[in-house]
Amino acid sequence: MNTQLLHPASDPEAIATAAELLRRGEIVGIPTETVYGLAADACNVDAVHRIFAAKGRPQDNPLIVHIADLEQMYDIAAVVPDEAKALAETYWPGPMTIILPKKEIIPMVTSGGLNTVGIRLPSHPIARAIIRAAGVPLAAPSANRSGRPSTTTAQHVMEDLDGKIAAVVDGGPCSVGVESTVISLCGPVPRLLRPGGISLEQLEAVLGDVTVDRALREKIDDTETVSAPGMKYRHYAPKAPVTVVFGSPEQSAAYISAQLGENSGVLCFDDCASHFAGHAVIETFGRSDDETEQAREVFDALRRFDTTDVAEIYAQCPPSTGIGLAVSNRIKKAAGFHVIDLTEGET
Ligand code: AMP
Ligand code: MG
């Protein structure tokens, strides 16, 4: 298959072309503010199957359904509690996915066999224009091959999926850079299933108590049942094994410097790079005091290691506050939760 690269900035037909492909049941890479999505008509079983095939995604890993207007939530959710309305009114359009009981219009293949559906209203103008023009809600997981770091540019999408999908719409680099926050409102207490662009603190400001799923902090066994099936799979990983070194930037830089061998790589803060110069392959992902920048850059930095021949990667990691919770979760997942915590024992 020849994958078309569409440029809405210079081609006035680009959005209509993408929408027409989607209506015909094709799959298309689209920009959103979080990461690039691999979109299909959420109600078209064959089209949704194509997403799983192109990504190599396990069938029990549900897809998020993207809408262009808040009212569309009522077309696909069987129940919309007051908390969902309050969250949607506060943080949509934006990087937050709400899990609710699903209506029948959403096929089981889209929800990974669950009776619930993840719904998101993205803020990216191109994403919303494509959903509107297609006239159907769009199922769209991250547009990467399953297991690899998510894609934050159209070029990343081409690296992973060229020849496997009908088109990619180039909307430039993503402004948030990590995937949406996933919050379930299906149980007695709201449950954070994945940290993302909307922080836990922001959710708590609207909801009060929020339970944080165990899978955010530790590795989940393949045989366990989890609330968000995606969380049990190896994710975001470059080819070389990753070790996270957690501590202050100075602490972790000193520790990592002492470990470096012949083919080591370091994923580090911009302001720590000089510690490793000449001793390792260095990929930086933003200043140590700017978690927003780290979120934008972390996947690109992880991907760049795959163009090198490093045999091991040491990674610095921000504290788990604000969007830092999402950044540290992605880095820890890339490491399969192999974490050396230098703060242990500190008071
Ligand atoms: P991705 O689209 O690659 O960002 O992955 C979407 C993730 O959202 C999945 O891996 C799940 O963890 C989560 N998710 C989507 N829909 C549901 C749902 N109905 N119930 C629980 N988690 C969901
Ligand atoms: Mg993904």
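The present account deals with the structure reproduced in this document. (Residues numbered from 1 in each chain as written. Chains lettered and ligands numbered in written order. Predicted model: local features only at pLDDT ≥ 70, side-chain atom pairs only at ≥ 80, totals over all residues. Heavy atoms only, no water.)

### Description of the sheet that holds strand S15 (residues 312-315)
And step 1. A sheet is described by the order of its strands in space; here 5 strands give the open sequence S14-S13-S15-S12-S16, paired in parallel fashion. Strands at the two margins of the open sheet, each flanked by one partner only, are strand S14 (281-284) and strand S16 (339-341). Pairwise comparison of adjacent strand axes, ignoring direction, gives a mean angle of 20 degrees for this sheet.
And step 2. Of the pairings in the sheet, the one linking strand S13 (residues 264-268) to S15 comprises 4 bridges and is parallel in character. When the sheet's bridge partners are listed, valine 266 is paired in S15 with tyrosine 314.
And step 3. Seen against the sheet, helix H8 (residues 249-259) touches strand S12 (242-246), S13, S15 and S16 and runs at an angle of roughly 165 degrees to S15. (Pairing = 2+ DSSP bridges. Helix = DSSP H or I, 4+ residues; strand = E, 2+ residues; numbered from the N terminus. Axes fitted to C-alpha atoms, helices over the stretch in contact; angles between N-to-C directions. Contact = heavy atoms within 4.5 Å.)

### Brief notes about the pattern of salt bridges
And step 1. The final tally for this structure, using the stated rule, is 14 salt bridges.
And step 2. Of the charged contacts in the structure, one is a salt bridge between arginine 24 and glutamate 20, with a shortest N-O distance of 3.8 Å.
And step 3. By relative accessible area, which is 55% here, arginine 24 ends up exposed.
And step 4. Take glutamate 20: its relative accessible area is 32%, and that puts it in the partly exposed class.
And step 5. The salt bridge partner of arginine 132 is aspartate 69, with a shortest N-O separation of 3.0 Å. Within this pair, whereas arginine 132 is found in helix H5 (residues 125-134), its partner aspartate 69 is found in the loop between strand S4 (64-66) and helix H3 (73-76), the two being separated by 63 residues in sequence. (Salt bridge = Lys/Arg side-chain N within 4 Å of Asp/Glu carboxyl O. Buried < 20%, exposed > 50% of the residue type's maximum accessible area, 1.4 Å probe, protein only.)

### Comments concerning the packing of helix H9 (residues 291-304) against helix H10 (residues 324-334)
And step 1. Direction vectors running N to C along H9 and H10 enclose 20 degrees, while the axes themselves pass 9 Å from each other. Viewed along their axes, H9 and H10 adopt a mutual orientation that is roughly parallel. Crossing of H9 over H10 shows left-handed handedness. Where H9 approaches H10, its residues Glu291, Gln294, Ala295, Val298, Phe299 and Leu302 are matched on the opposing element by Gly324, Val327, Arg330, Ile331 and Ala334.
And step 2. Residue classes in the contact of H9 with H10 are distributed as 7 nonpolar, 2 polar and 2 charged. (Parallel < 35°, antiparallel > 145°, perpendicular 65-115°, else oblique. Left-handed = near helix turned anticlockwise from the far one by under 90°. Nonpolar A, V, L, I, M, F, W, Y, C, P; charged D, E, K, R; others polar.)

### Observations concerning the nonpolar core
And step 1. Counting 50 residues, the largest nonpolar core has Met73, Trp92 and Ile98 as the members making the most contacts within it.
And step 2. Mapped onto this core, the elements with two or more residues apiece are strand S3 (37-41), helix H2 (45-55), H3, helix H4 (82-91), strand S5 (96-101), strand S6 (116-120), helix H6 (154-161) and helix H7 (200-207).
And step 3. The dominant element in this core, judged by the number of residues it contributes, is H2, at 5 residues.
And step 4. Those residues in contact with tryptophan 92 that sit more than four places away from it in its chain are Ile67, Leu70, Met73, Leu87, Ile98, Ile119, Arg120 and Leu121.
And step 5. By size, the runner-up hydrophobic cluster in this structure holds 38 residues, among which are Ala253, Leu267, Ala315 and Ile331. (Core = buried A, V, L, I, M, F, W, Y, C linked by side-chain atoms within 4.5 Å.)

### As for the site of ligand 1
And step 1. Every one of the 19 residues lining ligand 1 counts as a neighbour, but Arg57, Asn61, Thr116, Pro141 and Arg194 are closest to it.
And step 2. At a separation of 2.6 Å, an oxygen atom of ligand 1 approaches a polar side-chain atom of asparagine 61.
And step 3. In the model, a nitrogen atom of ligand 1 is placed 3.0 Å from a nitrogen or oxygen of the threonine 116 side chain.
And step 4. When ligand 1 sits alone it has 490 Å² of accessible area, and the protein chains cover 96% of it.
And step 5. Listed by contribution, the elements that provide at least two residues to the shell around ligand 1 are S6 and strand S10 (191-194).
And step 6. The element contributing the most residues to the shell around ligand 1 is S6, with 3 residues.
And step 7. Of the residues that constitute the shell around ligand 1, the class distribution is 10 nonpolar, 6 polar and 3 charged. (Near = heavy atom within 4 Å. Polar contact = N/O pair within 3.5 Å; in protein donor to acceptor, adjacent residues only side chain to side chain. Areas by Shrake-Rupley, 256 points an atom, 1.4 Å probe, with all protein chains shown as cover.)

This is a description of form; function is not addressed.
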